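Architecture at a glance
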Amino acid sequence: KSAQPDPAKPGLIGRILRRAEDEPRRVLDDEMLESLEELLIQSDMGVETAMRVTANLAQGRMGRRVSVREIKQALADEIARIMEPVARPLPLYPTRPQVVLVVGVNGSGKTTTIGKLASQLSAAGKKVVIAAGDTFRAAAVEQLQVWGDRAGVPVLTAPEGSDPASLAFDAMTRAQADGADLLMIDTAGRLQNRQDLMEELAKIVRVIRKKDPEAPHNTILVLDATTGQNAITQVEIFRKIADVSGLVMTKLDGTAKGGVLVALADRFGLPIHAIGVGEKIDDLAPFDPQEFARALVG
Ligand code: GDP
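Every residue gets a number counted from 1 within its own chain, in the order that chain's sequence is written. Local features are withheld for residues below a pLDDT of 70 in this predicted model, meaning they are given only at 70 or higher, and side-chain atom pairs are given and counted only at 80 or more; totals for whole chains, interfaces and linings count all residues. For the side-chain quantities, the full set of heavy atoms in the structure was used; hydrogens and water were omitted.

1. Focus: the pattern of salt bridges
Here, a salt bridge means any side-chain nitrogen of Lys or Arg that lies within 4 Å of a carboxyl oxygen of Asp or Glu. This model, assessed by the stated rule, comprises 12 salt bridges. Among the salt bridges present, the one from Asp181 reaches Arg96, with a minimum N-O distance of 3.1 Å. In this pair, Asp181 sits in the loop between α7 (164–178) and β6 (182–186) while Arg96 sits in the loop between α4 (68–83) and β3 (98–103), placing the two residues 85 residues apart along the sequence. Residue burial is assigned from relative accessible area. The probe radius is 1.4 Å, only protein chains are included, and a residue is buried under 20% of its type maximum, exposed over 50%, and partly exposed in between. The class of Asp181 is buried, set by a relative accessible area of 15%. One salt bridge connects Asp224 with Lys251, and the closest N-O pair in it is separated by 3.2 Å. Numbering goes from the N terminus for both helices and strands, where a helix is a DSSP run of H or I of at least four residues and a strand is a run of E of at least two.

2. Section: the pairing of β3
The element β3 is extensively covered by neighbouring structure, given that 6 of its 6 residues are classed as buried. Residues Gln98, Val100 and Val102 of β3 are buried on one face, and the alternating residues Val99, Leu101 and Val103, pointing to the opposite face, are buried as well. Pairs of strands are assigned from DSSP output, requiring at least two bridges between the strands. Across 5 bridges, the pairing between β3 and β6 is parallel. In the sheet register, Val100 faces β6, and the bridge partner there is Met184.

3. Notes on the packing of aromatic side chains
The way to describe two aromatic rings as a pair is by their centre distance and the angle between their planes. Only rings of Phe, Tyr and Trp enter the pairing, Trp through its six-membered ring, and a pair is recorded when the two centres are within 6.5 Å. The plane angle decides the type: under 30 degrees is stacked, over 60 is edge-to-face, the rest tilted. Applying the stated criterion across every chain yields a total of 1 aromatic pair. Positioned above the aromatic ring of Trp147, the side-chain terminus of Arg150 is 5.1 Å from the ring centre. When the ring centre of Phe136 is taken as origin, the NZ or CZ atom of Arg190, which lies over that ring, is 4.9 Å away. Whether a charge sits over a ring comes down to the Lys NZ or Arg CZ being within 6 Å of the ring centre and within 35 degrees of the ring normal.

4. Quick notes on the UniProt feature "domain: SRP54-type proteins GTP-binding" (unreviewed entry) in the protein
UniProt records the feature "domain: SRP54-type proteins GTP-binding" (unreviewed entry) at residues 97–298, using the numbering of this structure. Taken end to end, residues 97–298 comprises 45% helix and 18% strand; its first and last C-alpha atoms sit 42 Å apart. UniProt positions are given in the numbering used here, feature names are shortened, and annotations may be inferred rather than shown by experiment.

5. So, the sheet that holds strand β9 (residues 272–276)
The 8 strands lie next to each other as β5-β4-β6-β3-β7-β8-β9-β10, forming an open sheet whose pairing is mixed. Looking at the sheet topology across the chains shown, the edges are occupied by β5 (155–156) and β10 (284–285). As paired elements, strand β4 (residues 128–131) and β6 share 4 bridges and run parallel to each other. Within β6, the position partnered with Val129 by the bridge is Leu183.

6. A word on the site of the ligand
Proximity is defined per residue: if any heavy atom of the residue lies within 4 Å of a molecule or strand, that residue is considered near it. Around the ligand, the surrounding shell holds 17 residues, and the nearest of these are Gly107, Thr111, Thr112, Asp253 and Glu279. One nitrogen or oxygen atom from the side chain of Glu279 is found 2.6 Å from an oxygen atom belonging to the ligand. Surface burial for the ligand is 78%, taken as the share of its 580 Å² of free accessible area covered by protein chains. Here the shell around the ligand gets 4 residues from one element, more than from any other, and that element is helix α5 (residues 110–123). Looking at side-chain class alone, the shell around the ligand contains 2 nonpolar, 9 polar and 6 charged residues. Pairs of N or O atoms are called polar contacts if they sit within 3.5 Å, as long as, within protein, a hydrogen donor faces a hydrogen acceptor (for residues adjacent in sequence, only side-chain-to-side-chain pairs). Here, Shrake-Rupley sampling with a 1.4 Å probe gives the accessible areas, and only protein chains in the shown set may cover a residue. Side-chain classes follow a simple rule in which Ala, Val, Leu, Ile, Met, Phe, Trp, Tyr, Cys and Pro form the nonpolar group, Asp, Glu, Lys and Arg form the charged group, and the remainder, Gly included, forms the polar group.

Laid out in C-alpha cells, this is it:
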C-alpha cells in the first residue's frame, strides 16, 4: 500500500500543471510563479512556506524556458528538503518501560494510531502495554480493547469517569512488573475545557514520574491531516499544555490538504514519526519525504 496520498487522486499541483503538459516548455515568469504559489497555498502549505518554496524554485530559472517535468521535480525537491529533517520514526530507548503519552483532540485518530503502533511494535518483538486513559469516553476504551485484542497487547482500563492519573499509575506498576518495553497511554481530547485537560495531563505526568522521573519519554500529538491549517493551531495549543516531542499525521489517504505537513515541518520542526493511511491496523506507514513530495506535486 502506498505510504502517501492516494495516487489515484493526483495532487492539486499536478492536476493544474497537467493542463500545461502539452505545452512542452514555457518561460518561467512572474505569472507562472504566482500561480504555482497559489497552488501550494491551496494545498494548505501556508503563505510563508509557499512563498519560500517558489522563491527557491525561481533561483536560476527565472526567465528561462522550463518544462512542466522540471518544475514538478524542482518543487518536489524543495518540499522533500524541508521534510527530510522531520522524518524520524519513534525513537526506541532501552528504558523499560518506555512511556509514550498520546495526546490530540477527539476524532484525530488517537485510538486508531495507538492500536496500529502497538500492533507494529508487538510484531517487532516488543512487549507493549496500553492504558486506556480517556476514561470519559467508553467508546474509545472499547475501541482500544478491540485493537489490543487484535495486536495481542493488554489494554488496562478503569471504570468510566474515574481518574486517568490513577489508571496511569496502575499501568506503570503493571508495565514495570511485566518488564514491558513500552507503555502507551491514551489521553482525553476535550479541548473545550483546556484548563481541565491541562491539569489532567499534568497529573498523569506527575504520577508516572513517581515511578520513573524521566517519564514520559515521548509525547506524541496525533493530528488529522484533513483539517488543514487547523492542525497548526492544534500544535500551538498542545505545545502549551503538554511537552509534545513528535507527531503522527493521520488520514493522509486521499486528502488534498497534505501541504499542511510542509507548513508544520517548516514552522515547528517536530519529528513526524508516522502517517496514517487508512482505517485498518496495518495502515500506519513511516513518513517518506521523497515519496510524500512526489505525491503532493502529483
Ligand atoms: P480519536 O477520537 O482521536 O481516538 O480518533 P479515532 O481513533 O477513534 O479515529 C476517528 C476516526 O478516524 C475513525 O473513524 C477512524 O477509523 C478514522 N481514522 C483514524 N486514522 C485514520 C487514517 O489514517 N485514515 C483514515 N481514512 N481514517 C482514519
